[in-house]
Amino acid sequence: QKEVEQNSGPLSVPEGAIASLNCTYSDRVSQSFFWYRQYSGKSPELIMSIYSNGDKEDGRFTAQLNKASQYVSLLIRDSQPSDSATYLCAGQGAQKLVFGQGTRLTINP
Amino acid sequence: DAGITQSPRHKVTETGTPVTLRCHQTENHRYMYWYRQDPGHGLRLIHYSYGVKDTDKGEVSDGYSVSRSKTEDFLLTLESATSSQTSVYFCAISEFDTTYEQYFGPGTRLTVT
């Protein structure tokens, strides 16, 4: 099993709907998790950090962490075309983050 | 934005030539990382540094070396560039001992012909 796994997509969501991005992780990754957004041709940008079980909300974004199921998710409410990007999930490893392959999200107007 | 710059931003070089990429930070972060990103492979860690003169290998370190002689600069060297090293290279910084959050530079697009 990969340390951090994501469905590569593409995930297509209509404008205004909720986009749900998912990530699972192995025992080799622990504690803290991060979501990055990467627009085509740009560098990854940190958009959410989550350190404990439960939900964390920031504007239209909600990160969810379930350590018992080893599952992390990112919900984007009221999706906008500007949310179209690749979303990378990352978990805390030893002295470094472990990244998933990324999920490509397209918001359709 | 975190104060991270990479130079050059674009480079075309020939097979067999040495290439050095530079990452410069103004945040005084202890940890610095070099990644490459290729279609279908995601971000792959090449090398990282946890302090001046302290470095370690990542998952794809063959053909690459690094140096960090001062906190703000982390250099990635391709001793003899090959076409398989054509990629986009990202530098990142972190205060991993406390927040674990990592911030990326703008990237360098390297083409080896």
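Structural data are supplied above this passage.
Residues numbered from 1 in each chain as written. Chains lettered and ligands numbered in written order. Predicted model: local features only at pLDDT ≥ 70, side-chain atom pairs only at ≥ 80, totals over all residues. Heavy atoms only, no water.

**Q** Hey, could you run me through the sheet that holds strand β3 (residues 19–25) of chain A in this one?
**A** Pairing between sheet strands relies on hydrogen bonds along the backbone, with the strands arranged either parallel or antiparallel. Residue and element names in this part refer to chain A. One open sheet holds the five strands; their spatial order is β1-β3-β8-β7-β6, and the pairing between them is antiparallel. The open sheet has two edge strands, β1 (4–6) and β6 (54–58), and neither has a second partner. Between one strand and the next, the sheet's axes are offset by a mean angle of 20°, whatever the strand orientation. In the sheet, β3 pairs with strand β8 (residues 71–76) via six bridges, with the strands oriented antiparallel. Paired with Asn-22 across the strands is Ser-73, a residue of β8. (Pairing = 2+ DSSP bridges. Helix = DSSP H or I, 4+ residues; strand = E, 2+ residues; numbered from the N terminus. Axes fitted to C-alpha atoms, helices over the stretch in contact; angles between N-to-C directions.)

**Q** What is the right way to look at the environment of B:Val60 in this model?
**A** All names here are of chain B. With respect to the helices, strands and loops of the structure, Val-60 is situated in the loop between β6 (54–57) and β7 (64–70). With 27 residues separating them in the primary sequence, Val-60 and Ser-87 have C-alpha atoms 13 Å apart. Ignoring sequence-local partners within four residues, the contact set of Val-60 consists of Arg-36, Arg-44, Leu-45 and Ile-46. (Contact = heavy atoms within 4.5 Å.)

**Q** Just to check I follow, could you spell out the state of the cysteines for this structure?
**A** Every disulfide links exactly two cysteines, by a covalent bond between their sulfur atoms. Scanning the entire structure with this criterion turns up two disulfides over all chains. A:Cys23 shares a disulfide with A:Cys89; S-S distance 2.1 Å. An S-S torsion of about -75° defines the bridge between A:Cys23 and A:Cys89 as left-handed. With A:Cys23 in strand β3 and A:Cys89 in strand β9 (residues 85–92), the pair connects residues that are 66 residues apart, well separated along the chain. Just as A:Cys23 is buried, A:Cys89 falls in that class too. In this model B:Cys23 forms its disulfide with B:Cys91; the gap between the sulfur atoms is 1.9 Å. Measuring handedness by torsion sign, the sulfur bridge of B:Cys23 and B:Cys91 sits at about -70° and is left-handed. Here B:Cys23 is found in strand β3 (residues 19–25), whereas its partner B:Cys91 is found in strand β9 (residues 87–94), with 68 residues between them in sequence. Judged by relative accessible area, which is 0%, B:Cys23 ranks as buried. (Disulfide = S-S within 2.5 Å. Buried < 20%, exposed > 50% of the residue type's maximum accessible area, 1.4 Å probe, protein only.)

**Q** Just to check I follow, could you spell out the interface of chain A and chain B for this structure?
**A** Reports often express the size of an interface as the amount of accessible area lost when the parts come together. Facing the 19 residues of chain A at the interface are 21 residues of chain B. Summing the contributions of chain A and of chain B, the shared interface buries around 1600 Å²; its carbon and sulfur component is 57%. Contact with chain B buries area across many residues of chain A, yet A:Gln95, A:Lys96 and A:Phe99 alone supply 34% of it, more than any other trio. For the interface between chain A and chain B, the tally reads zero salt bridges. (Buried area = accessible area lost by both parts, 1.4 Å probe. Salt bridge = Lys/Arg side-chain N within 4 Å of Asp/Glu carboxyl O.)

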